[in-house]
Amino acid sequence: MGRFLDKFLDKFLRQERFKKTKKHIPGNSVVCDLGCGKDAQFLKSMLGFIRQGIGLDGATEDYKDSKLELKKIKIEKNLPLDDESCDIITIVAFIEHLSYPQEVLNECFRCLKPAGKLIITAPTPLAKPVLEFLAHYLHLIDEKEIGDHKNYFWPQNLKQMILQSGFNRGNVKSCFFELFFNNLTIAKK
């Protein structure tokens, strides 16, 4: 994972996803980032702006201070969060790694406060051959990370899954970015 963080293209793409996501997060929010990564970079970049950050990932270490809590857990089907405890839940370039994405989306709905938001970035099927080429042939992005992708999502497929988890149709919006290789989907509870 260390080499992954050191690669320029990975860093650039990650920062683009962070920028797309951050602009939808209101200040003073309780934000849970699923798949926060070892260093919880996304949450740490917002600590001056949000009330509290909670990061969940199997690669991080347990940590807690007044504004940031990191929990080392493998995200499978259940989230270790109370009902209606989060203003925002983010899944930034992580849902494609999940074995049970529908179950996790169901849990996100449970954990969001009324009027809370779920914000997801996910690669589309168009990205698969490009990412695999960049990882396996050019070695510009991390091969292990790309090899761990279990799914790629068109916005309409992701929207269907979100609707199945309990969100209302009129409260789910999607758009493409990065030349149709990624999508941003936002669902308001």
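Residues numbered from 1 in each chain as written. Predicted model: local features only at pLDDT ≥ 70, side-chain atom pairs only at ≥ 80, totals over all residues. Heavy atoms only, no water.

Draft legend 1. The arrangement of the pairing of strand β6 (residues 112-123) in detail. Pairing between strand β5 (residues 86-92) and β6: six bridges, direction parallel. Within β6, the position partnered with I89 by the bridge is L118. As a crossover connection, the stretch from β5 through helix α4 (residues 101-111) into β6 is right-handed. The pairing of β6 with strand β8 (residues 182-188) spans seven bridges and is classified as antiparallel. Counterpart to I120 in the pairing with β8 is T185. (Pairing = 2+ DSSP bridges. Helix = DSSP H or I, 4+ residues; strand = E, 2+ residues; numbered from the N terminus. Right-handed = clockwise from strand over helix to strand, strands pointing away.)

Draft legend 2. Structural detail: helix α5 (residues 127-137). When α5 is considered as a whole, its buried residues turn out to be A127, L131, L134 and A135. Down the axis of α5, the buried set is contained in an arc of 90°. They therefore lie on one face. Residues P129 and Y137 are exposed on α5 and point more than 90 degrees away from its buried face. Turning to α5, the residues buried within the fold contact α2 (8-22), β6 and α6 (143-147). Count one or two residues on from α5 and you reach H139, which has phi positive near 55°. (Buried < 20%, exposed > 50% of the residue type's maximum accessible area, 1.4 Å probe, protein only. Arc of directions from axis to C-beta. Contact = heavy atoms within 4.5 Å.)

Draft legend 3. Summary view of the nonpolar core. Grouped together as the largest cluster of nonpolar side chains are 30 residues, with contacts concentrated most on L34, I89, I91, I95, L118, I120 and I162. When residues of this core are traced back to their parent elements, those giving at least two are β1 (30-34), β2 (52-57), β5, α4, β6 and α7 (155-164). With 17 residues, the next largest nonpolar core counts V31, A40, M46 and L184 among its residues. (Core = buried A, V, L, I, M, F, W, Y, C linked by side-chain atoms within 4.5 Å.)

Draft legend 4. Up close: the pattern of salt bridges. As enumerated under the stated definition, the model contains twelve salt bridges in all. For E76, the salt bridge is made with K74, and the minimal N-O distance between the two is 3.4 Å. Accessibility expressed as a relative area gives 65% for K74, which makes it exposed. Because the salt bridges share partners, they merge into one network encompassing R51, D87 and K113. (Salt bridge = Lys/Arg side-chain N within 4 Å of Asp/Glu carboxyl O.)

Draft legend 5. Just unusual backbone geometry, in detail. The phi dihedral of A40 falls on the positive side, at around 50°, and the residue is not glycine. You can see A40 is positioned in the loop between β1 and α3 (41-44). The exposure class assigned to A40 is buried, which follows from its relative accessible area of 1%.

Draft legend 6. Local environment of the packing of α4 against α7. Where α4 meets α7, the closest approach of the two axes is 8 Å, and the angle between their N-to-C directions is 55°. Classed by the angle they form, the pair α4 and α7 counts as oblique. For the pair α4 and α7, the crossing hand works out as right-handed. Residues P101, Q102, L105 and N106 of α4 pack against M161, I162 and Q164 of α7. Looking at the contact of α4 with α7 residue by residue, the classes come out as four nonpolar, three polar and no charged. (Axes fitted to C-alpha atoms, helices over the stretch in contact; angles between N-to-C directions. Parallel < 35°, antiparallel > 145°, perpendicular 65-115°, else oblique. Left-handed = near helix turned anticlockwise from the far one by under 90°. Nonpolar A, V, L, I, M, F, W, Y, C, P; charged D, E, K, R; others polar.)

Draft legend 7. Inspection of the packing of aromatic side chains at higher detail. In this structure the tally under the stated criterion is five aromatic pairs. Between F109 and F167 the ring centres are 4.9 Å apart and the planes differ by 80°, which places this aromatic pair in the edge-to-face class. Placement of F109 in helix α4 and of F167 in the loop between α7 and β7 (172-177) is noted, with a sequence separation of 58 residues between them. Pairwise contacts between aromatic rings join W154, F176 and F180 into one cluster. Directly above the aromatic system of Y100 lies the positively charged group of K77, at a separation of 4.4 Å from the ring centroid. The positively charged end of K189 is found above the aromatic ring belonging to F109, 4.6 Å away from the centroid. (Phe/Tyr/Trp six-rings, centres within 6.5 Å; stacked < 30°, edge-to-face > 60°. Lys NZ or Arg CZ within 6 Å of the ring centre and 35° of its normal.)

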